[in-house]
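Spelled out, the chains give:
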Amino acid sequence: QVQLVESGGGLVPDGGSLRLSCAASGFLITGYNMGWYRQIPGKARELVAFITFDGDRNYVDSVKGRFTVSRDNAKNQVYLQMNSLKPEDTAIYYCGCPTADHWGQGTQVTVSS
């Protein structure tokens, strides 16, 4: 059974940091592009950061310079380091493999002002 399980969300103050992890099981992330997405209730899911199978990274403009996506194929995990968090970063964050249509259940990130 394929699973993507996110962890590391929580409540932090404005300017704080969090590190999200995404553990994959039932399939190997090696060879797949992986992404972090976020969604605010009532709004469309937004791609936040993307890392290709060979390590190229892309970010939405609003998080450039603050967020860093990484992967550890040996551990079958993907990470999102989030620094200088802002209240507008508050959302449910999802890990996803769009090519294989595998998605996690999400982890809540709340940044208090």
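Read on for a plain summary of the structure. (Residues numbered from 1 in each chain as written. Predicted model: local features only at pLDDT ≥ 70, side-chain atom pairs only at ≥ 80, totals over all residues. Heavy atoms only, no water.)

Side note on the pairing of strand β5 (residues 46-51)
Consecutive residues of a regular strand have side chains that alternate between opposite faces of the sheet. Here five bridges tie strand β4 (residues 34-39) to β5, and the two strands are oriented antiparallel to one another. Bridge pairing in β5 places Gly35 opposite Phe50. Taking the residues between adjacent antiparallel strands as the criterion, β4 and β5 are bridged by six residues, where Gly42 takes a positive phi near 90 degrees. Here β5 pairs with strand β6 (residues 57-59) via three bridges, running antiparallel. Each residue of the ladder has a partner; that of Ala49, found in β6, is Tyr59. Remark: five residues form the turn of the hairpin made by β5 and β6, two consecutive strands paired antiparallel; Gly55 in that turn has positive phi of roughly 95 degrees. (Pairing = 2+ DSSP bridges. Helix = DSSP H or I, 4+ residues; strand = E, 2+ residues; numbered from the N terminus.)

Comments concerning the state of the cysteines
Scanning the entire structure with this criterion turns up one disulfide. Disulfide pairing places Cys22 opposite Cys95 at an S-S distance of 2.1 Å. Disulfide Cys22-Cys95: the torsion about the S-S bond is -75 degrees, which places it as left-handed. Taken together, the positions of Cys22 in strand β3 (residues 18-25) and Cys95 in strand β9 (residues 91-97) put the pair 73 residues apart, joining distant regions of the chain. Look at Cys22 and you get buried, because its relative accessible area is 1%. For Cys95, a relative accessible area of 0% corresponds to the buried category. Cys95 supplies the cysteine sulfur nearest to Cys97, a cysteine that is in no disulfide, at a spacing of 8.4 Å. What makes Cys97 buried here is its relative accessible area of 0%. (Disulfide = S-S within 2.5 Å. Buried < 20%, exposed > 50% of the residue type's maximum accessible area, 1.4 Å probe, protein only.)

Some thoughts on unusual backbone geometry
The residue Asn76 is not glycine, and still its phi comes out positive at about 60 degrees. The phi torsion at Ser84 lies on the positive side, around 50 degrees, for a residue other than glycine. Assessed through its relative accessible area of 41%, Ser84 is described here as partly exposed.

Quick look at the environment of Val63
Relative to the helices and strands, Val63 is located in the loop between β6 and β7 (67-72). Overall, Val63 belongs to the buried group, its relative accessible area being 0%. Linking Val63 and Leu85, residues 22 residues apart in sequence, is a C-alpha distance of 9.0 Å.

Some points on the nonpolar core
Membership of the largest hydrophobic core comes to 26 residues, with the highest contact counts inside it found for Met34, Trp36, Phe67, Val78, Leu80, Met82 and Tyr93. Of all the elements in the fold, those that place two or more residues in this core are β3, β4, β5, β7, β8 (77-82), β9 and β11 (107-112). (Core = buried A, V, L, I, M, F, W, Y, C linked by side-chain atoms within 4.5 Å.)

Section: the sheet that holds strand β1 (residues 3-7)
Through backbone hydrogen bonds, the strands of a sheet pair up, either in parallel or in antiparallel fashion. Overall, antiparallel pairing links the four strands, which are arranged β1-β3-β8-β7 in an open sheet. Each edge of the open sheet is held by one strand with a lone partner, namely β1 and β7. Neighbour-to-neighbour, the strand axes of the sheet open up by a mean angle of 15 degrees, direction not taken into account. (Axes fitted to C-alpha atoms, helices over the stretch in contact; angles between N-to-C directions.)

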